[in-house]
Structure formats: structure tokens, C-alpha cells
Amino acid sequence: MYRIGLDIGGTGIQMGIVDEKGHILERGEVVTNTSLPFSEQVRQMAECALDMVKKGGYSLLDIASIGAGVPGVADQKTGAVIYCTNLGWKHVPFREEFRKYIDKPVFVDNDATVAGLAESVAGVSAGSSSSVFITIGTGIGSGIILGGRVWSGAHGVGSELGHSILELDGEPCTCGNHGCVERYCSATAIIRMARELLGRHPESMLMDSCEGDLKKLTARHVIDAAREGDPTAVKVFRRFIKALGQTIANVINILDPEVIVLGGGVAKSGAFLLDAVRAEVPKYILYKELPYAHIELARLGADAGIIGAAMLS
Ligand SMILES: [Zn+2]
């Protein structure tokens, strides 16, 4: 049997027919059009999925289920999307609507959770029964896999690591709280910290990286300059690594998973990031003499969204 996975994003919906090992056998794509009503958006997705099945020479009898990952919050029991800002969805009956076109079990969950599931089935944490996936991009997303299954919480609102609080009365966050993890561990945080320091250190090579325009500064600029040894960039990178190390240690101290997987845009800095994180985390681990989670980089890249969604059950 095969499963269909949908990776629903703010600019496009990528989908695929996925086998049990997590291979994508056929692909489809719909451009996100947020000006359309929800029911019309779902109709386009379902039609694209039906075309994909036909194009690949499959029949609906070959398809066991359909899963979707959304950048938002879903109710796993009802299959409703409670909240997905990018698409303008609020309390929409995704499962019910999709099943009007394809009458199969339909599952829906948060996109970071879905990516974590993909890594645990076909990626770097395959074979482990517990793992926590942390995606480091503009914000911080996370997915918890326990006993080989997604853990989204008793009410579907768990695994919001990015909005757990790292600093008392710290930086204001988009969520309304202060001091959230994503204010210190994301690409946005790296840029903010670099801008703050650059006022006092105009000699930094970062000024050249962004051509003197701080609006053009990216997290990649900062990480690349830190790798080159630029003192200002190194200072920002060290602060970022300290915050990320403490965050990961918090996860380990609470859940003690087998693997921590780092994904998202910032994790593309590869070994430079991974080595720094691996050196930082043990400082904050409680039981230092005992084994703790392996820390690895995600392996599946952009396909994790499709593969993980297909694996939802
Ligand atoms: Zn927050």
C-alpha cells in the first residue's frame, strides 16, 4: 500500500505518493492561493492528488491514507485545522472537506511534527523510538516522536519548543510573551543580535557582507563570518549556540530522547553548527556521567514535509 502526503506551505502545496519506506514515487504541486475560499483550496489539492494517482498509474485502491502537514495547529481527533495563519485558515474542517473528493482516512498535524516523523521513519533518526526534531529558521518549530508515534499533546498544542521561555522577562515575542526560545535561537535572533553589536563594531566584516545595509544582513552572513573568525560574528554565534545548547539540554532533561535532530535553514551551516552544539549541550545536562541523546542534522531536507505527512496515522 501507498500513502499520500501533502506539505501545505504559504507559497505552495507539495505532495507525493509515498511507499512504506518513505520513498516518494510520484509528485504533484499546487500554488497556494489564499484569496480562494478554504473549500476551493481543498478542492484544488484533492484534484491534484487524484491527477497524481492517475499519472503514476495507481488506483485509489492502492492508497491507504492521506496526511497533511500545516504550518499551524491541528486537532488530530477531528482532522480540523484550528489555526494556520499563512493560509488564512481558522477552525476549518480539513478532513471533512478533503474526504468529499477522496474517501480515505485523512490525518493532519503541524509541519515541524510531520518533518520529525519523516526523519524518524526514513531519515537520520530512523530506527529510534524517541526523537525530538527542532527546525531552526525564521522561528523555531519542533516535533516530538515517542514510541515511534507523533506526540502532539493531549490537546494538540504540545511541542511548541520555540515558545517555551528561556529568559525571565526577556525579549518580546510575536506570541505576546517575553523571553521565548525563538527570540534567541532562530535566524531572526541571530540577525537581531548582530545588528545590536554592529552599532559598536562597524569594523566587523559583517558590514561588508551586507554592503553596509543592516536590512540586508542574514543569519547566513553571520554564521559565515563567525566561521572566518570575525570577532563580532563569533560573539553572536557563541550567544546563539549557548541559547540553543540550553534549549536542547532542557529537552534532554525533560524527555531524554534517543536522538535530537536539527533541521531548517540555519542547520544548513552543517558541521560548524553541529560541532558547536555538541560541545555546548553537555554543559547543561544533569546526569553528565550517563549517556544522553545523539545530536544530528536532519537528512531529508525539503522532502521531509511530504514523507512525514504520508506517515501520519
Ligand atoms: Zn513566543
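These figures come from a predicted structure and were not determined experimentally.

Trainee: Just checking my understanding: could you explain the environment of V92 for this structure?
Mentor: Positionally, V92 belongs in strand β7 (residues 89–92). Not counting chain neighbours up to four residues away, the residues in contact with V92 comprise F38, A80 and V81.

Trainee: What exactly am I supposed to notice about helix α3 (residues 111–122) here?
Mentor: Each turn of an α-helix holds 3.6 residues, which means side chains three or four residues apart point in the same direction. Here α3 contains 12 residues, and its C-alpha end-to-end distance of 16 Å stays within 8% of the 16 Å for a straight helix at 1.5 Å per residue. Taking burial as the measure, the 12 residues of α3 include nine buried ones, the bulk of the element. All of the buried residues in α3 are A112, T113, V114, A115, G116, L117, A118, E119 and S120. Put simply, N110 is the residue that caps the front of α3, since its side-chain oxygen is 2.9 Å from the backbone nitrogen of A112.

Trainee: Hey, could you run me through the coordination of the zinc ion in this one?
Mentor: In an ideal octahedron of six donors the angles at the metal are 90 or 180 degrees, and in an ideal tetrahedron of four donors they are 109.5 degrees. Each protein donor to the zinc ion is listed here as H163 (ND1), C173 (SG), C175 (SG) and C180 (SG); together their distances run 2.0 to 2.3 Å. Angles of 104 to 122 degrees at the metal separate the four donor atoms of the zinc ion, which places the site in the tetrahedral class. In primary sequence terms, the donor set of the zinc ion follows H-x9-C-x1-C-x4-C. The exposure class assigned to C175 is partly exposed, which follows from its relative accessible area of 40%.

Trainee: What exactly am I supposed to notice about a nonpolar patch on the surface here?
Mentor: A surface patch of nonpolar side chains, about 390 Å² in accessible area, is lined by L146, W151, I254 and L255. Inspection of the secondary structure assignment puts W151 in the loop between β11 (149–150) and α4 (182–185). Residue classification places W151 among the partly exposed positions, given a relative accessible area of 44%.

Trainee: Please explain the domain arrangement of the protein chain as it appears in this structure.
Mentor: Along its sequence, the protein chain is carved into domain 1 (2–120 + 303–311) and domain 2 (125–297). Placing the centre of domain 1 and that of domain 2 at their C-alpha centroids yields a distance of 28 Å. Buried area between domain 1 and domain 2, both sides added, is near 1100 Å², and the carbon and sulfur share of it is 57%. On the domain 1 side of the contact with domain 2, T113, E119 and S120 bury the most area, a combined 41% of that side's loss.

Trainee: Teacher, can you tell me more about the packing of aromatic side chains here?
Mentor: Taken as a whole, this structure holds six aromatic pairs when the rule is applied. Both rings, one in Y2 and one in Y58, keep their centres 5.2 Å apart while their planes meet at 65 degrees; by these two values the pair is edge-to-face. You can see Y2 sitting in strand β1 (residues 2–8) and its partner Y58 sitting in the loop between α1 (38–55) and β4 (63–70), a full 56 residues away along the chain. A centroid spacing of 6.0 Å and a plane angle of 35 degrees characterise the contact between W89 and F94, whose relative ring orientation is tilted. Taken together, the ring pairs connect F38, W89, F94 and F98 into an aromatic cluster. One cation-aromatic arrangement involves R192 over Y184; the distance from NZ or CZ to the ring centre is 5.8 Å.

Trainee: Would you take a moment to explain the nonpolar core for this structure?
Mentor: When a protein is soluble and globular, its nonpolar side chains tend to lie buried together. Counting residues in each nonpolar core, the largest one holds 47 residues, and the members touching the most others are I134, F240, I248, I260, L262, L273 and V277. Counting residues per element, the ones that place at least two in this core are β9 (130–136), β10 (140–146), α4, α5 (187–198), α7 (219–227), α8 (231–255), β12 (259–263) and α9 (271–280). Among the elements that take part in this core, α8 stands out by supplying 11 residues, more than any other. When residues no more than four places from it in sequence are discounted, the contact partners of I134 are I140, G141, S142, L161, I248, I260, V261, L262 and G263. In this structure, M45, A46, A68 and L87 belong to the second largest nonpolar core, which totals 30 residues.

Trainee: What is the right way to look at the side chain of D230 in this model?
Mentor: The residue D230 is located in the loop between α7 and α8 in this model. As a buried residue without a salt bridge, D230 has its nearest oppositely charged side chain in K235, at a separation of 9.8 Å. A distance of 2.8 Å separates polar atoms of two side chains, one belonging to D230 and the other to S204. When neighbours within four sequence positions are excluded, D230 is seen to be in contact with S204, M205, L206 and A225.

Conventions and cut-offs
- Residues numbered from 1 in each chain as written.
- Predicted model: local features only at pLDDT ≥ 70, side-chain atom pairs only at ≥ 80, totals over all residues.
- Heavy atoms only, no water.
- Helix = DSSP H or I, 4+ residues; strand = E, 2+ residues; numbered from the N terminus.
- Contact = heavy atoms within 4.5 Å.
- Expected span 1.5 Å × (residues − 1).
- Buried < 20%, exposed > 50% of the residue type's maximum accessible area, 1.4 Å probe, protein only.
- Polar contact = N/O pair within 3.5 Å; in protein donor to acceptor, adjacent residues only side chain to side chain.
- Donors = N, O, S within 2.8 Å, 3.2 Å for Na, K, Ca; no water.
- Tetrahedral: all angles 85-135°; square planar, octahedral: opposite > 155°, others 65-115°.
- Patch = residues over 30% accessible without salt bridge, like charges linked within 9 Å, V, L, I, M, F, W, Y side chains within 5 Å.
- Areas by Shrake-Rupley, 256 points an atom, 1.4 Å probe, with all protein chains shown as cover.
- Salt bridge = Lys/Arg side-chain N within 4 Å of Asp/Glu carboxyl O.
- Domains from an automatic or database assignment.
- Buried area = accessible area lost by both parts, 1.4 Å probe.
- Phe/Tyr/Trp six-rings, centres within 6.5 Å; stacked < 30°, edge-to-face > 60°.
- Lys NZ or Arg CZ within 6 Å of the ring centre and 35° of its normal.
- Core = buried A, V, L, I, M, F, W, Y, C linked by side-chain atoms within 4.5 Å.
- Lys, Arg positive; Asp, Glu negative; His and termini not counted.

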